[in-house]
Amino acid sequence: MDVIDYLENNQYAKRHVGLSAIFRWEINCGGLQVVIYSCHLASNNYTTEIDSSRYSWPSLLRNYEQRLLAYKDGSKLREFEVEAISQRLIEENSPVIVMGDLNDFSFSRNLDKLNCMELQDAWWEKGFGLGNTFREGLIGVRIDYILHNTKISTCDIRVIDEELSDHSALVASFKFQ
């Protein structure tokens, strides 16, 4: 099934698909071209009416089936988005960074697909602790990432906990290999 067929059969996802974004930037850094993919991939909240910022144990248990279905829909949309990124990554010969709100958990099928593209998670290289970036809801999780190819390596990465959005920012520095 391709993305068009999926959206035709899923009106909730079709209504919210425009809320995702993938931007590709080419930046000249000291004479070397660096490619940056800045992403906001499909959310798990697009296809549910549950307000995830208002979780409590009773509401979580009451709404688990709807949450699981919402995750399934969000994950499917992210699968199409990750496939589009992966197709472009095959053609890249420069240092590459893929970053942003990927709206998925470490070791998910979609993040594993990016890892198969030889992208490394900067947090696993140089981060400390869990690196939670999404503070709302029952527990904090890391759904924001900075991934890079083997042409660069992470020098430092940290979570900046400012009240700029419902996410905490990741900030990293890199060096060329």
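Data block above holds the structure.
Residues numbered from 1 in each chain as written. Predicted model: local features only at pLDDT ≥ 70, side-chain atom pairs only at ≥ 80, totals over all residues. Heavy atoms only, no water.

Quick look at the overall build of the chain
Logical step 1: The secondary structure content of the chain amounts to six helices and seven strands.
Logical step 2: Its helices and strands taken in sequence order, the chain reads α-α-β-β-α-α-β-α-β-α-β-β-β from the N to the C terminus.
Logical step 3: Here the chain has roughly 10300 Å² of accessible surface; of this, 56% comes from carbon and sulfur atoms. (Helix = DSSP H or I, 4+ residues; strand = E, 2+ residues; numbered from the N terminus. Areas by Shrake-Rupley, 256 points an atom, 1.4 Å probe, with all protein chains shown as cover.)

Digging into the side chain of Asn149
Logical step 1: Mapped onto the fold, Asn149 is located in the loop between β5 (144-148) and β6 (152-160).
Logical step 2: Filtering out sequence-adjacent residues up to four positions away, Asn149 remains in contact with Ser94, Pro95, Val96, Glu118 and Leu119. (Contact = heavy atoms within 4.5 Å.)

Quick word on the environment of Asp166
Logical step 1: On the secondary structure map, Asp166 appears in the loop between β6 and β7 (169-176).
Logical step 2: Judged by relative accessible area, which is 35%, Asp166 ranks as partly exposed.
Logical step 3: Taking the C-alpha atoms as reference points, Asp166 and Phe134, separated by 32 residues in sequence, lie 6.5 Å from one another. (Buried < 20%, exposed > 50% of the residue type's maximum accessible area, 1.4 Å probe, protein only.)

A look at the nonpolar core
Logical step 1: Residues Leu89, Val98, Leu102, Leu114 and Leu147 are the most contacted members of the largest nonpolar core, which totals 15 residues.
Logical step 2: For this core, the secondary-structure elements that each account for two or more residues are β2 (32-40), α4 (64-89), β3 (96-101), α5 (109-116) and β5.
Logical step 3: Leu102 has contacts with Cys39, Leu41, Arg78, Leu111, Leu114, Ile143, Asp144, Tyr145 and Leu147, leaving out every residue within four places of it along the chain.
Logical step 4: Among the nonpolar cores identified, the runner-up in size contains nine residues, and Val34, Ile97, Ile146 and Leu170 belong to it. (Core = buried A, V, L, I, M, F, W, Y, C linked by side-chain atoms within 4.5 Å.)

A few points about the packing of aromatic side chains
Logical step 1: Taken as a whole and assessed by the stated rule, the structure comprises two aromatic pairs.
Logical step 2: Relative to Trp124, the ring of Phe107 lies with its centre 6.0 Å away and its plane at 35 degrees, an arrangement referred to as tilted. You can see Phe107 sitting in the loop between β3 and α5 and its partner Trp124 sitting in helix α6 (residues 122-126), a full 17 residues away along the chain. As far as burial versus exposure is concerned, Phe107 and Trp124 are alike and both exposed. (Phe/Tyr/Trp six-rings, centres within 6.5 Å; stacked < 30°, edge-to-face > 60°.)

Let's talk about unusual backbone geometry
Note: most peptide bonds trans; most residues except glycine with negative phi.
Logical step 1: The phi torsion at Asn103 lies on the positive side, around 55 degrees, for a residue other than glycine.
Logical step 2: Within the secondary structure, Asn103 is located in the loop between β3 and α5.
Logical step 3: Positioned with a positive phi, Glu118 is a non-glycine residue whose angle comes to about 65 degrees.
Logical step 4: Considering the arrangement of structural elements, one finds Glu118 in the loop between α5 and β4 (120-121).

Section: the pairing of β2
Logical step 1: One ladder, built from nine bridges, connects strand β1 (residues 21-29) with β2; its direction is antiparallel. Bridge assignment links Arg24 to a residue of β2, and that residue is Tyr37.
Logical step 2: Between β1 and the antiparallel strand that follows it, β2, lie two residues; Gly30 among them carries a positive phi value of about 60 degrees.
Logical step 3: Here β2 pairs with β3 via six bridges, running parallel. By the bridge assignment for β3, Ile36 is matched with Ile97. (Pairing = 2+ DSSP bridges.)

Regarding the environment of His148
Logical step 1: Assignment of secondary structure puts His148 in strand β5.
Logical step 2: C-alpha separation for the pair His148 and Val96, spaced 52 residues apart in sequence, amounts to 5.5 Å.
Logical step 3: Those residues in contact with His148, other than ones at most four positions away along the chain, are Val96, Ile97, Glu118, Leu119, Gln120, Ala122, Glu125, Ser153, Thr154 and Phe174.
Logical step 4: Side-chain polar atoms of His148 contact the backbone oxygen of Ile152, separated by 3.1 Å. (Polar contact = N/O pair within 3.5 Å; in protein donor to acceptor, adjacent residues only side chain to side chain.)

Quick word on the pattern of salt bridges
Logical step 1: Applying the stated criterion to the full structure yields eight salt bridges.
Logical step 2: The partner of Glu83 in a salt bridge is Lys113, with the nearest N and O atoms 3.0 Å apart. Within this pair, whereas Glu83 is found in helix α4, its partner Lys113 is found in helix α5, the two being separated by 30 residues in sequence.
Logical step 3: Given the relative accessible area of 31%, Glu83 is considered partly exposed. (Salt bridge = Lys/Arg side-chain N within 4 Å of Asp/Glu carboxyl O.)

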